[in-house]
Amino acid sequence: MSDTPAPDAHVRLDTHRTHPSAVVATITGTDQHIAQAHLSVRGFDHVNERTLVMARIDHEEPYWAERASQDLTAVNISVTITPGLREAIDDDWTWVNYPYPWCNRQDIRQVSNEAQKIYDDIRHGRLVIHSHAHDPHTIVAVGSYRDGSSVTLHGENHLRTVEQTFHTAAEARAAFHHQHGEAVRPGPAPATDTERQAEQARRLLRSPALTESAPRPEPETVPVYLADAGDHDALLDRFLDAHEEFEKVRTWSDDTTHAIHELQTLRIERVHETQARETAWTVAAYETPVSDRIWVLAATGATPAPVMQNLLIHLADGDGWDTVIGAPMDEKTVTAAAQPLSDAGWKHTLEGRWIRWTSPDRDAGVQFDAFAARHASQNLATWTIWAGRGPDRPTWAITASPHTPSSLLASLAETLAHQTGTRQAQPASRERRANLASSPPVAPADITGPVVGRSR
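Residues numbered from 1 in each chain as written. Predicted model: local features only at pLDDT ≥ 70, side-chain atom pairs only at ≥ 80, totals over all residues. Heavy atoms only, no water.

K.L.:
Please explain the sheet that holds strand 1 (residues 10–15) as it appears in this structure.
P.N.:
Each strand in a sheet pairs with its neighbour through backbone hydrogen bonds, running either in the same direction (parallel) or in the opposite one (antiparallel). With mixed pairing, the 5 strands of this open sheet are ordered in space as 3-4-2-1-5. With one partner strand each, in any of the chains shown, strand 3 (45–48) and strand 5 (78–81) form the two edges of the open sheet. Here the average twist between neighbouring strands, direction ignored, is 25 degrees. Bridge analysis of strand 3 against strand 4 (residues 51–54) gives 3 bridges, and the strand direction is antiparallel. Bridge pairing links asparagine 48 to threonine 51 in strand 4. Contacts between helix 1 (residues 32–40) and the sheet are confined to strand 1, strand 2 (23–28), strand 3 and strand 4, with strand 2 contributing the most and set at about 160 degrees to the helix. (Pairing = 2+ DSSP bridges. Helix = DSSP H or I, 4+ residues; strand = E, 2+ residues; numbered from the N terminus. Axes fitted to C-alpha atoms, helices over the stretch in contact; angles between N-to-C directions. Contact = heavy atoms within 4.5 Å.)

K.L.:
It is not clear to me how the sheet that holds strand 7 (residues 139–145) should be interpreted in this structure. Could you clarify?
P.N.:
Within the open sheet, the 5 strands sit side by side as 9-8-7-6-10. Their pairing is antiparallel. Each having just a single partner strand, strand 9 (161–166) and strand 10 (185–186) make up the two edges of the open sheet. Summarising the sheet, strand 7 and strand 8 (residues 150–154) pair through 5 bridges and their orientation is antiparallel. Across the sheet, residue serine 144 finds its bridge partner in strand 8, namely serine 150. This element, helix 4 (residues 105–123), spans strand 6 (127–134), strand 7, strand 8 and strand 9 of the sheet and lies at about 115 degrees to strand 6.

K.L.:
Can you walk me through the side chain of histidine 132 in this structure?
P.N.:
With respect to the helices, strands and loops of the structure, histidine 132 is situated in strand 6. Among residues more than four places away in sequence, those in contact with histidine 132 are Ile139, Val140, Ala141, Phe176, Ala183, Val184, Arg185, Pro186, Gly187, Pro188, Ala189 and Pro190.

K.L.:
Where do I start with the nonpolar core in this structure?
P.N.:
A general trend in soluble globular proteins is that nonpolar side chains are found buried together. With 48 residues, the main nonpolar core has Ile268, Trp295, Leu297, Leu315, Trp357, Trp383 and Leu416 as its most contacted residues. Sorting elements by how many residues they give to this core places helix 9 (residues 305–317) first, with 7 residues. In this structure, Phe44, Leu52, Met54 and Leu85 belong to the second largest nonpolar core, which totals 19 residues. (Core = buried A, V, L, I, M, F, W, Y, C linked by side-chain atoms within 4.5 Å. Buried < 20%, exposed > 50% of the residue type's maximum accessible area, 1.4 Å probe, protein only.)

K.L.:
I would appreciate a short explanation of helix 5 (residues 169–180) in the present structure.
P.N.:
Quick reminder: α-helices carry 3.6 residues per turn. Residues three or four places apart thus point the same way. If you check helix 5, its first and last C-alpha atoms are 16 Å apart, about what 12 residues at 1.5 Å a residue would give, namely 16 Å. The complete set of buried residues in helix 5 reads Ala172, Phe176 and His180. For helix 5, the angular spread of buried residues about the axis comes to 40 degrees, placing them on one side. Counted as exposed and oriented over 90 degrees from the buried face of helix 5: Ala170 and His178. Those residues of helix 5 that are buried lie in contact with strand 6, strand 7, strand 8 and strand 9. A positive backbone phi angle near 50 degrees is found at glycine 181, which sits one or two residues after helix 5. (Expected span 1.5 Å × (residues − 1). Arc of directions from axis to C-beta.)

K.L.:
Before we go on, may I ask you to explain empty space enclosed by the protein in this structure?
P.N.:
Any space left empty among the atoms is revealed by the rolling of a water-sized probe across them. Evaluation of the coordinates by the stated rule reveals 1 cavity of 30 Å³ or more. Of the volumes computed, that of the largest cavity is approximately 50 Å³. For the largest cavity, the full set of lining residues is Ala337, Ala338, Leu341, Val366, Trp383, Ile385, Leu409 and Ala413. When residues of the lining of the largest cavity are traced back to their parent elements, those giving at least two are helix 10 (331–343), strand 20 (383–388) and helix 12 (406–418). Along the lines of polarity and charge, the residues of the lining of the largest cavity split into 8 nonpolar, no polar and no charged. (1 Å grid on protein atoms, 1.4 Å probe; cavity = no way out; pocket = protein on both sides within 12 Å on 5 of 7 lines; lining within 4 Å. Points joined across faces, edges and corners; volume = space filled by probe spheres on them. Nonpolar A, V, L, I, M, F, W, Y, C, P; charged D, E, K, R; others polar.)

K.L.:
How should I be thinking about the layout of surface pockets in this particular structure?
P.N.:
Estimated volume of the second largest pocket: approximately 390 Å³. Along its surface, the second largest pocket is lined by 21 residues, and Val41, Arg42, Gly43, Arg56 and Asp120 are the ones closest to its centre. Among the secondary structure elements, those contributing two or more residues to the lining of the second largest pocket are helix 2 (61–74) and helix 4. Residue contributions to the lining of the second largest pocket peak at 5 residues, all from helix 4.

K.L.:
Would you mind showing me how to read unusual backbone geometry here?
P.N.:
Trans is the common state for peptide bonds, and a negative phi is the common state for residues other than glycine. Even without being a glycine, histidine 59 presents a positive backbone phi close to 60 degrees. Here histidine 59 shows up in the loop between strand 4 and helix 2. The phi dihedral of asparagine 76 falls on the positive side, at around 65 degrees, and the residue is not glycine. Within the fold, asparagine 76 resides in the loop between helix 2 and strand 5.

What follows is the structure, given as structure tokens:
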């Protein structure tokens, strides 16, 4: 009796282009349907005839993708795991402040996987939610499976569990209403941010074949303030690899990464999935690890890559973290911060409370707010660096509080005045519409909440 020939199917597993932890499977070969069937029962959703995506609510996609890879290999389907996904698989991270402290890492993964099954049952219509309520720190719900059994649920996302099982929907709904009374609302609760992101990863993934076939024009060299944003996540990764004095930490989700200096007095927050004009970076300096912030700086998602890179390099040099809170914001300080712009011939104007330096092409500028400077203790946005139509309608912006070191501001000014970058050619009309539709930059948040340790 001859052995069964191996299926003519090859699976390539890679990280998602926009979703931090999702995994994309691309299949080639004449027996693609066999690989698709195996991937479907292992948590992958179809995108097109040769592409599937796994987007979970517990951010454990790399782990389950590796398990799927092992299962595929066992049935003689060849699998390639890209270096980026392999790094994510090998990334050893742990939950901090997990609500079930008695659970080890494998226990946590099992709890999360059970929550994932509930989520998938709801998403695919196998579990119909009748009502929900707030109780009071999380969401509770009651629903019925298509097979007839009914359940009450407690929690959200990776912490959702079955609280109680009932034989009939009437029993379940009566118990739920008795316990939660007037707080009960009909139907399921609104989707959480995590659920929306997972759905977006499944919905918006484009076919690799379409992307690879599209011609890409050659990038053009432009003043640095007109350059493309590039890959900010890659910038942060390179920064952390080169500077071991900064520790990479994270919150419970993959949405935000923190880089904290070993002295605990400089903290960098990177929010990964943001719109172009929303705050994507927040840098804060502290006199001591437990004191209030001395100064804070925020940058939006479209900030050009060379500008962000130079900012990170300056932070790594450690210059000016301990700026004295009582130091006055005087004319000398302002002049020192903007000196590179003046030397480069940027136009200098005074308008009420604002002092501005504008580039010769009027596509970028730096603004100093004298009113905000007089209220230094409030950490208001005293400095605004922008490109676009103005500080109130920027394409990208960096804001900084009064005590931000003048050396750091001067370094940014030097970058704006003299450096160049690259920009992918874009139709002017499309860029103009995008600017008009954008919302104002979001004020920087305080980055003092609990974080999760994650090794590099």
